[in-house]
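# Architecture at a glance
Here's the letter readout for the chains.
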Amino acid sequence: MAALNPPTLADALSPADALRTLLRRQVRAVFNDRAKGEAPVVPSPEALFEPDSPIRMVHADVVAMMVGGMRALLLQMLHPAALQGVLDHSDFREDVEGRLRRTARFIAVTTYGHRDEAARAIAAVNAIHARVRGTLPNGAPYSATDPRVLGWVHLAETTSFLEAYLAYGDPGMTPDAQDRYFRQTAVVAGMLGAAPAPRSRAEAAMLMSEMRNDLRSGPATREVAAFLLEGSAGRRPGSVMRTLGGAAVDLLPPFSRTMLGLRRPGISVLPALAGTRAMAGIVRWAFAGSR
């Protein structure tokens, strides 16, 4: 009599659970470079932020974070120093996915990892920023350690992540929870040297209005925005990234769309919004109960 093969994990799982496992594995592969030995960040009981707090809820919503991340990049490029730093010191054109992966991992480590691991990640970023300096086209010097430049980068990220979460994660998030999200993200901002950093939604709106005076637009800004959304002749984004890009542009403040040379989304963006919402629901279902 032939020997029976031992049961595998797939044999023990229902079709729904097997699909959940497959989806989780595929999503995690996007954010962890296995070639470098990276594994998913395991939530620590000694993280900077407690379980089920606003920052951990917002940053756990994968699709909303991807939409928010693209929105943040588009906003950040409007600051001359942030843009020039990327142009002078980054290989983003050759490795857009790698840049997004590194940013996502930093957020995961500082949100969920042990506080000591978070401190090491922040120290590493500070060391990188210390080497990023140069001269703007108008001859003025710039530095990635400038608190106000870091403040704009932080403001662009936090407002983008929250807006995307309200659109595709939890539209019913309370105003108190939103304010607490800003207070929590201000902790990491302070460790990075960013100032000012909003501690409430009202402060974030005030700073967004005030810091518009720091922003500039020109051919380089629009070219980078077009590259992020449309790619180049040798690198076109896939359907998923195009969908998320449409959702990100839809969430941009109107003033920034004008500065970036982007048209206000009309009825043509509806399929992208519906696709993003469906994607968010599927990924949320896949990760339900796994955090």
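Quick note: structure is the one above.
What comes next is a walk through the structure. Because the structure is predicted, anything quoted here is derived from the model rather than measured. (Residues numbered from 1 in each chain as written. Predicted model: local features only at pLDDT ≥ 70, side-chain atom pairs only at ≥ 80, totals over all residues. Heavy atoms only, no water.)

### Topic: the overall build of the protein chain
Here is the rule: A helix here means a DSSP run of H or I that spans at least four residues, while a strand means a run of E at least two residues long, and both kinds are numbered starting from the N terminus. Burial here depends on accessible area, computed with a 1.4 Å probe over protein chains only, as a share of the maximum for the residue type. Under 20% is buried, over 50% is exposed, and the range in between is partly exposed. Contact between two residues is taken to exist if any of their heavy atoms lie within 4.5 Å; hydrogens are not considered. Surface accessibility follows the Shrake-Rupley procedure with a 1.4 Å probe radius. Residue values consider only the protein chains on display as shielding.
When helices and strands are tallied, the protein chain shows 14 helices and two strands. Buried positions account for 44% of the 291 residues belonging to the protein chain. Taking contacts inside the protein chain between residues at least 6 apart in sequence as the whole, the part at least 24 apart equals 73%. Looking at the protein chain as shown, the accessible area adds up to about 15,000 Å², and 58% of this sits on carbon and sulfur atoms.

### Digging into the environment of Ala72
With respect to the helices and strands, the residue Ala72 is situated in helix α4 (residues 62-76). Separated by 89 residues in the primary sequence, Ala72 and Phe161 place their C-alpha atoms 7.8 Å from one another. In contact with Ala72, not counting residues within four places along its chain, are Ala156, Glu157 and Ser160.

### A word on the packing of aromatic side chains
Rules: Ring pairs are drawn from Phe, Tyr and Trp, using the six-membered ring of Trp, whenever the two centres fall within 6.5 Å, and their geometry is named by plane angle: stacked under 30 degrees, edge-to-face over 60, tilted for the rest. For a ring to carry a charge above it, either NZ of a lysine or CZ of an arginine must fall within 6 Å of the ring centroid while also lying within 35 degrees of the normal to the ring plane.
Counted by the stated rule, this structure contains one aromatic pair. Look at Tyr181 and Phe182: their rings are 5.8 Å apart centre to centre, the planes differ by 65°, and that puts the pair in the edge-to-face class. Just as Tyr181 is buried, Phe182 falls in that class too. Its guanidinium or amino end placed over the ring of Phe255, Arg212 lies 4.1 Å from that ring's centre, counting from NZ or CZ.

### Things to note about unusual backbone geometry
A cis geometry characterises the amide bond from Ala195 onward to Pro196, with omega recorded as 5°. Following the sequence through the fold, Pro196 ends up in the loop between α9 (175-192) and α10 (201-210). Even without a glycine there, the phi angle at Asp52 is positive, about 65°. Structurally, Asp52 can be placed in the loop between α2 (15-31) and α3 (54-59). Under the relative-accessibility criterion, Asp52 is labelled exposed at 62%.

### Some words on the pattern of salt bridges
Here the idea is simple: oppositely charged side chains can pair when their charged atoms come close. What counts, and what does not: Salt bridges are defined as contacts in which a side-chain nitrogen from Lys or Arg sits within 4 Å of a carboxyl oxygen from Asp or Glu.
Under the counting rule described, the total for this entry stands at four salt bridges. Between Arg180 and Glu50 there is a salt bridge; the shortest N-O distance is 2.0 Å. Taken together, the residues span a long stretch of sequence, with Arg180 in helix α9 and Glu50 in the loop between α2 and α3 at a distance of 130 residues. Salt-bridge contacts for Arg148 lead to Glu210; the nearest nitrogen and oxygen are separated by 3.2 Å. Placement of Arg148 in helix α8 (residues 147-168) and of Glu210 in helix α10 is noted, with a sequence separation of 62 residues between them. Overlapping salt bridges bring together Arg148, Glu210 and Asp214 as one network.

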